[in-house]
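Listed below are the residues making up each chain.
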Amino acid sequence: MQLCLDGNDWSLVPLLPHEFWWRQAWKESWSPKGCPPWGEWIRACVPGDVIADALDAGLIPHPYKDLNSLACEWLSERDWVYRKQFRVPEEWQGKHVRLRFDGVDDACEVYLNERLLGKHEGMFLPFEFDVTEHLRFGEANSLTVLVEHMPPVDVVQGQIGWTSRARRWKARFAYDWDWCTRLVPLGIWQSVSLLASDGVWVEDVWVRPRPEGEGAQVEARIQLHSVLPEASEWSLQLCVISPEGDFVAYQNEPVYLQAGARMEYVATLGIPSPQLWYPHDMGEQPLYRFRATLAQEGNVSVVREVTFGIRTVRAVANKDAPPDALPYTLEVNGKSLFVKGWNWVPHEQMYGRVRPERYERLLRLAREAGCNLLRVWGGGLLEREEFYNLCDRLGILVWQEFPLSSSGIQNAPPEDEEYLQYIEAQARQMVPLRRNHPSLALWCGGNELMDDQYVPLTDAHPALARLKSVVQELDPERLWLPTSASGPVEGASTELAGTSKMHDVHGPWVYLGAEEHYRFYNTIDPLYHSEFGVEGAANLPIFERFISPEYWFPPDATNRVWLHHGSWWTHREKLEALFGRIEDLETFIRASQWMQAEGLRYAIESHRRRQGRCSGVSPWQFNEPYPNTACTNVVDYLGQPKPAYWWARRAYQPVHVSLRYEKLTWQPGEEWQAEVWVHGADKPIRHALWAVCLNALDGRELARAEGAIENLSAEASCVAQIRLPLPQEAGVWVMVACLYNRRGGVLSCNEYLFSTAQPPMQPLLHAPPATLRVWHRRQHVGIKNTGETVALLVQLTPQDGQWLYLEDNYFCLLPGETRVLDVEGAGTVVIRAWNSEPHHVHL
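Residues numbered from 1 in each chain as written. Predicted model: local features only at pLDDT ≥ 70, side-chain atom pairs only at ≥ 80, totals over all residues. Heavy atoms only, no water.

### A short note on the overall build of the protein
- When its secondary structure is counted, the protein shows 12 helices and 49 strands.
- At 29 Å, the protein has a C-alpha radius of gyration in line with the 28 Å of a compact globule built from 843 residues.
- Viewed in the frame of its principal axes, the protein has a C-alpha envelope of about 95 × 70 × 60 Å.
- The proportion of buried residues among the 843 residues of the protein is 61%.
- A separation threshold of at least 6 residues defines the contact pool for the protein, and within that pool the share at least 24 residues apart is 72%. (Helix = DSSP H or I, 4+ residues; strand = E, 2+ residues; numbered from the N terminus. Rg over C-alpha atoms; globule rule 2.2 N^0.38 Å. Buried < 20%, exposed > 50% of the residue type's maximum accessible area, 1.4 Å probe, protein only. Contact = heavy atoms within 4.5 Å.)

### Observations regarding the nonpolar core
- Of all hydrophobic cores here, the largest spans 219 residues; its most connected members are Phe-101, Trp-594 and Trp-672.
- Considering each element in turn, this core owes the most residues, 11 residues, to helix 11 (residues 585–608).
- Filtering out sequence-adjacent residues up to four positions away, Phe-101 remains in contact with Val-110, Pro-126, Phe-127, Phe-129, Leu-143, Val-145, Ile-188, Ser-191 and Val-192.
- Within the second largest apolar cluster, 29 residues are counted, among which are Trp-234, Leu-269, Tyr-288 and Ala-292. (Core = buried A, V, L, I, M, F, W, Y, C linked by side-chain atoms within 4.5 Å.)

### Let's talk about a nonpolar patch on the surface
- On the surface, a cluster of nonpolar side chains totalling about 420 Å² of accessible area is made up of Ile-160, Trp-162, Ile-409 and Trp-568.
- Relative to the helices and strands, Ile-160 resides in the loop between strand 9 (141–147) and strand 10 (161–162). (Patch = residues over 30% accessible without salt bridge, like charges linked within 9 Å, V, L, I, M, F, W, Y side chains within 5 Å. Areas by Shrake-Rupley, 256 points an atom, 1.4 Å probe, with all protein chains shown as cover. Salt bridge = Lys/Arg side-chain N within 4 Å of Asp/Glu carboxyl O.)

### Observations regarding the sheet that holds strand 13 (residues 192–197)
- The four strands are arranged 1-13-5-8 in an open sheet whose pairing can be described as antiparallel. With one partner strand each, in any of the chains shown, strand 1 (2–4) and strand 8 (127–130) form the two edges of the open sheet. Taken over all neighbouring pairs, the strand axes of this sheet differ in orientation by 20 degrees on average, direction set aside.
- Pairing of strand 1 with strand 13, which is carried by three bridges, proceeds in the antiparallel orientation. Residue pairing in the sheet places Leu-3 in a bridge with Leu-194 of strand 13. (Pairing = 2+ DSSP bridges. Axes fitted to C-alpha atoms, helices over the stretch in contact; angles between N-to-C directions.)

### Remarks on the pairing of strand 44 (residues 791–798)
- Summarising burial for strand 44: six of the eight residues are buried, a large majority.
- Looking at chain direction, strand 44 and strand 48 (residues 828–832) are connected through four bridges and run antiparallel. When the bridges of strand 48 are listed, Thr-797 appears paired with Val-830.

### What to know about the pattern of salt bridges
- Inspection of the entire model under this criterion finds 56 salt bridges.
- Across the salt bridge formed by Arg-262 and Glu-203, the nearest N and O atoms sit 2.9 Å from each other. With Arg-262 in strand 18 (residues 262–272) and Glu-203 in strand 14 (residues 200–212), this pair connects stretches of sequence that are 59 residues apart.
- Here Arg-262 falls in the exposed class, since its relative accessible area comes to 55%.
- By relative accessible area, which is 31% here, Glu-203 ends up partly exposed.
- For Arg-289, the salt bridge is made with Glu-305, and the minimal N-O distance between the two is 3.4 Å. With a gap of 16 residues between them, Arg-289 in strand 19 (residues 288–296) and Glu-305 in strand 20 (residues 299–308) connect regions that are remote in the sequence.
- Among the residues examined, Arg-289 registers a relative accessible area of 29% and is labelled partly exposed.
- In the salt-bridge network here, residues are joined through shared partners; they are Arg-208, Glu-219, Arg-221, Glu-264 and Glu-477.

### Points about the side chain of His-120
- Assignment of secondary structure puts His-120 in strand 7 (residues 115–121).
- Taking relative accessible area as the criterion, His-120 reaches 13% and is therefore assigned buried.
- Engagement of the side chain of His-120 in a polar contact is seen with the backbone oxygen of Gly-122, the distance being 3.0 Å.
- If near-sequence neighbours (up to four positions away) are discounted, His-120 is found in contact with Asp-106, Ala-107, Cys-108, Leu-125 and Phe-127. (Polar contact = N/O pair within 3.5 Å; in protein donor to acceptor, adjacent residues only side chain to side chain.)

### A word on unusual backbone geometry
- Note that the residue after Asp-105, namely Asp-106, is joined by a cis bond; omega there is 10 degrees.
- Pro-554 follows Phe-553 through a cis peptide bond whose omega is 5 degrees.
- Within the secondary structure, Pro-554 is located in the loop between helix 8 (540–546) and helix 9 (560–564).
- Although it is not a glycine, Asp-66 adopts a positive phi angle of roughly 50 degrees.
- Its place among the elements puts Asp-66 in the loop between helix 2 (50–56) and strand 4 (79–86).
- You can call Asp-66 buried: its relative accessible area is 10%.
- Unusually for a residue other than glycine, Tyr-454 sits at a positive phi of about 65 degrees.
- Inspection of the secondary structure assignment puts Tyr-454 in the loop between strand 28 (440–444) and helix 6 (462–474).

### Considerations on the environment of Pro-668
- Summarising the element assignment, Pro-668 is placed in the loop between strand 35 (656–660) and strand 36 (671–679).
- With 63 residues separating them along the chain, Pro-668 and Gly-731 place their C-alpha atoms 8.3 Å apart.
- Leave out the neighbours within four places in its chain, and Pro-668 touches Pro-727, Gln-728, Glu-729, Ala-730 and Thr-756.

### Remarks on the packing of helix 7 (residues 516–523) against helix 11
- Closest axis-to-axis distance for the helix 7/helix 11 pair is 9 Å, and the angle between their directions is 20 degrees. In terms of orientation, helix 7 lies roughly parallel with respect to helix 11. As for how helix 7 packs across helix 11, the hand of that crossing is right-handed. For the pair helix 7 and helix 11, contact is made by His-517, Tyr-518, Tyr-521 and Asn-522 and by Glu-598, Gly-599, Tyr-602, Ala-603, Ser-606 and His-607, respectively. (Parallel < 35°, antiparallel > 145°, perpendicular 65-115°, else oblique. Left-handed = near helix turned anticlockwise from the far one by under 90°.)

### Focus on the pairing of strand 14
- Bridge count for strand 14 against strand 15 (residues 215–226) is 12 bridges, and the pairing is antiparallel. For Val-205, the partnering residue across the bridge sits in strand 15 and is Ile-222.

### Points about the environment of Val-266
- Structurally, Val-266 can be placed in strand 18.
- Considering only alpha carbons, one finds Val-266 and Glu-219, 47 residues apart in sequence, at a separation of 7.1 Å.
- Non-local contacts of Val-266, meaning those with residues more than four positions away in its chain, are made with Glu-219, Ala-220 and Arg-221.

### Section: helix 3 (residues 356–368)
- For helix 3, with 13 residues, the first-to-last C-alpha span of 18 Å sits near the 18 Å given by 1.5 Å per residue.
- All of the buried residues along helix 3 are Arg-358, Tyr-359, Arg-361, Leu-362, Leu-363, Leu-365 and Ala-366.
- Along its buried surface, helix 3 packs onto strand 24 (339–344), strand 25 (373–376), helix 4 (385–394), helix 12 (643–651) and strand 45 (805–806). (Expected span 1.5 Å × (residues − 1).)

### What about the packing of helix 11 against helix 12?
- It is at 8 Å that the axes of helix 11 and helix 12 come closest, and there the two elements cross at 20 degrees. In this view, helix 11 runs roughly parallel relative to helix 12, as classed from their interaxial angle. When you trace helix 11 past helix 12, the crossing you get is right-handed. Only Pro-643, Ala-644, Trp-647, Ala-648 and Ala-651 of helix 12 make contact with helix 11, whose side of the interface consists of Gln-593, Trp-594, Gln-596, Ala-597, Glu-598, Leu-600, Arg-601, Ile-604, Glu-605 and Arg-608.
- Taken together, the residues that form the contact of helix 11 with helix 12 break down as nine nonpolar, two polar and four charged. (Nonpolar A, V, L, I, M, F, W, Y, C, P; charged D, E, K, R; others polar.)

Bear in mind that shape data such as this cannot, by itself, settle questions of function.
In structure tokens, the structure reads:
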């Protein structure tokens, strides 16, 4: 039996550090009247955090607006008192009752009816108290929780500091990172509940499924706990329920529990003809349920149920990998998987509130983009159960890092025994919380952990050795990496190409230029690229909502709000080298987002061209927790994709055509050269046609190359080397690469822009106008280019922040060309090319 204490009926008030004890604020009669700064209780939400509660109460400015976060930093320097009144069901009298906290951020004391139950430290760890003797029946109970002010900087570091001094496991990103501000949440950030039992309960269920031949064996380890004063006999009923709801395995055994003791019961159940769980691009995601029931004399006392999937994941050596390399190629159920990944950061800086609709939005966008693995970065969270449940259902693998990260000045964690015992104790509680999820593929020691020579750490480091031993003991079926990048060098470099030293590497995170970017990605040869990215400006609604108009421009280091919302990613000089002088925000956004889309797409495609030796990619980063003016994310804080999302999504398509080229800028009349590559799906392509067309902005087709493909392998293949003469005049040229089946159906299409002008992309800002005709019918939107010029980079933008799901976006339309797109959702959509008037469609 359970009584959930979550909700928005908690009360909250801040106090100066240590004032709680001086004022005896645990007493039910205590009132904050006269206590600065507010002198009264405010309403609080649990799960939640104190920043969001203060914002709801109108007591602070919105911390995401302009420079307002600077005026809110004091919130984490106060102690916070939570209070809730609740009643216990009368039928619970005589039951054993526990008070459970799934997570408090970070250190706290808990009082029930003025009695101190205990203290706790550690945001990622659940904890419980026996409250059987302390509850009141027939009247209200008073629960008081003191959440202490944030840990000092000598135990938690921001982005710049010393990893060796970061001795407390708390989400470090909130102390300031390059993609968020300094705004440190505190509070009861996970659920609180009362649990009643007959003195025995199921403490944990660990399900370990193993496919064997035509069936599967499910080993279940059930942790039982008794607080009864005498030994007792119980019936333990175990069953496996299929995805369709049928009972496919059952077992009923007597168990004998000693007085006041814990015991582990191990059972193995067979499942005939199991349905295997796969990442979404390999198969289905059937989810089974395992149910454990404790009963006595026919009366059910406790039921515990967990969800699991049946699958195997292993890592094998990459093709032609050096002998000292770790294996990075994933095999799921014996089938090789090319990782089309992304890096995931907390979706909200005020992460205490549960926002399932945002998880659903972001993870669905990830799946629809072809993403099959998310790396949960080590400066963030042990992600919530809601996140993992969705990844199970959507078929997205998870790479979960422990909360360790580099710090710039020094990048290796402490090695003393006190610290090692601390992280072992933390890991021993964290690992069991997530190990039943089929989406969880890998545990990693942390982000960019390196020695003083910037060499990635290995399992020889005492802290990583200790964490690895915990994973091997408590979750041995999961893969393990000591850190990411995992060496023997940390950074991708053209100088190391061909040396077999680039295994799992990071960087760069910016667009490198009209020639250098392509030289770099054509040259490097890592086995896995687990962090890299390209910066780009935010979508316009971010500015409209969070940045006052007087700070929209200029987008450079002279603008303090741009510095506050993205100092690492302001790139005006680089962008104007491509586009010429830019004098307004909307033009800056369009140009910056094109640069990000172009740069990220090319980086992804370059690694897909090396599939086999390269086992996958994970760009930095998918989402952002805070509204930046510019950043490397592809989905913004409001849940809206940037153009880079759409071009990366296209690059992740199972069947994809791409061009390999050396540069964006060419001379008038020069011979343009490129290779045509086709990236196959899980099946070879028997018959196909490819075509590459060179088009002027005014709509003229200037040159064409095409050819046939027979029996193409499922991996990437170069199908042609082409040379096309560029016009003698200066301008920007649209190169369209398409792949067709033998009936003329489009399998893949990609548009690239090249220049013979200076500044190279400036002609895009002055392109001849295009004319669009737009219509919609039910959940379809049609767009036709009815003019004679190319419609450049047609974009569908929800007008009022609606969350729509589009089949495609951000594409060019040649004269006479039509696209009909599936659209899911309701609202007004603005459809506009760079060089057309806007059209409004009401869905």
